[in-house]
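# Breakdown of the fold
Single-letter residue listing:
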Amino acid sequence: MRAEDRLSGLGRESWGVGEAEWGDWRWQLRHSGEAWGRLSACGLGGGGREEAQRRYPAQCTPYYLSLAASASPDDPVLRQVLPDPAELSGDGEEDPFAEEAHCGVPRLVHRYRDRALFLTTGDCAAHCRHCMRKRNWGELPGAPSAEALAAAAGYVRSHPEIREILVSGGDPLTLSDGELERVLSAFAAIPHVETLRVGSRLPAVLPQRLTEGLAAVLGGVGKAVFLACHFNHPRELTEAAAAGVLRLLRAGVPSVCQSVLLRGVNDDPETLRELLTGLLRIRVKPYCLFHGDPIRGTMHFRTGIARGLELMGALRGHVSGLAMPAFAFDLPQGGGKVRLEPGDAPRRAPDGAPVFRSFEGRDIPYR
Ligand SMILES: *Cc1c(COP(=O)(O)O)cnc(C)c1O
Ligand code: SF4
């Protein structure tokens, strides 16, 4: 099969639907389970990918597949959703941050004093191959039960130091407007909760979800709501994404972006520059650029921290300061996130491992 013919197997026409269905986020979500069949039919199922597919099943919206520019495993869009035998290498840890994960209440993670993270649902529209929670794919389907939500809200209510709730997942925007409103209001109703941060990959893989109805829900809970998007490549910054972001902004909901530095996707200065300036163009403020955590099944995406700092150094001063994210990563031993600036040289442990200081002042080696 010629590469062009394969690629045409991933476009809208190949699904035999009109613009109306294509633009309907529920149609997109319903067909996201067919990604592997599609990719295989386009000749992308070989090369040992079957086994990776069995361990970490593919899932992707038809819309996102249609953003591929070439039907090749190296395409930066496909690389983020196509199973790869490198995921089975066994390197990395299953759950390097487990020990500090919970505060005794299911679904709630309270690691930093003034903010807590709520695992709204395990569902996602796309299974990102670099996902740090990929070992949990398929768990916690659907909306949280009334009891789970009440327990989490009860904990927050009894901790007046918590000012911000990270509404996370999975992807909270896979829930219906009604379910989402129930979750947001449970937290927004607590007087000391000032800010809600909704983390979602959907602006990139399913921007059709950013409807007027959703904008009304997010903008209507009576507290400041921010959308934390997850764009990794300039090709994800489509007209649909720009329109969705603007719809939310008009309802009073600004967007920031947390990107992941991914080898073979965005680890060169030109792609990063296009991504970061492109985000500003669609009115999204780049917030963080994360170095990948050492998580099993994702190690082939990591670039090394030194390379990340080198890339940040190549951009600094050459793009608007507004476009510059913080370069950040998670420390082991529950140390939380660290931010580094280009030119920062870490101290070294006796065995040569770089040592970073956590926000609580602990020195933690990073091996
Ligand atoms: C990353 C993270 C946060 C948010 O950290 P910020 O520095 O505010 O972006 C909060 N809670 C947990 C558990 C996190 O992992
Ligand atoms: S949307 Fe988020 S949680 Fe879901 S697979 Fe992608 S990175 Fe993981």
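Anything mentioned here points back to the structure above.
Residues numbered from 1 in each chain as written. Chains lettered and ligands numbered in written order. Predicted model: local features only at pLDDT ≥ 70, side-chain atom pairs only at ≥ 80, totals over all residues. Heavy atoms only, no water.

Each pocket or cavity is described by its volume, and for the second largest pocket that value is around 180 Å³. Along the walls of the second largest pocket sit Arg302, Ile305, Ala306, Leu309, Pro346, Arg348, Pro354, Phe356, Tyr366 and Arg367, which together make up its complete lining. Sorting the residues of the lining of the second largest pocket by element identifies helix H13 (305-315) and strand S11 (354-357) as the ones contributing at least two each. Per-element accounting of the lining of the second largest pocket gives the leading share, three residues, to H13. Within the lining of the second largest pocket, the residues separate by chemical class into seven nonpolar, no polar and three charged. (1 Å grid on protein atoms, 1.4 Å probe; cavity = no way out; pocket = protein on both sides within 12 Å on 5 of 7 lines; lining within 4 Å. Points joined across faces, edges and corners; volume = space filled by probe spheres on them. Helix = DSSP H or I, 4+ residues; strand = E, 2+ residues; numbered from the N terminus. Nonpolar A, V, L, I, M, F, W, Y, C, P; charged D, E, K, R; others polar.)

Within the open sheet, the three strands sit side by side as S10-S11-S12. Their pairing is antiparallel. Each of the sheet's edge strands pairs with one partner strand only, and the pair in question is strand S10 (347-348) and strand S12 (363-365). With two bridges joining them, S10 and S11 adopt antiparallel strand pairing. From the neighbouring strand, Arg348 faces S11, where its bridge partner is Pro354. (Pairing = 2+ DSSP bridges.)

With their axes 10 Å apart at the nearest point, helix H12 (residues 269-281) and H13 run at an angle of 65° to one another. Considering only the axes of H12 and H13, their crossing is right-handed. Note on element contacts: H13 touches H12 through Arg307, Leu311, Ala314 and Leu315, opposite Pro269, Leu272, Arg273 and Leu276. Of the residues contributing to the contact of H12 with H13, the split by class is six nonpolar, no polar and two charged. (Axes fitted to C-alpha atoms, helices over the stretch in contact; angles between N-to-C directions. Left-handed = near helix turned anticlockwise from the far one by under 90°. Contact = heavy atoms within 4.5 Å.)

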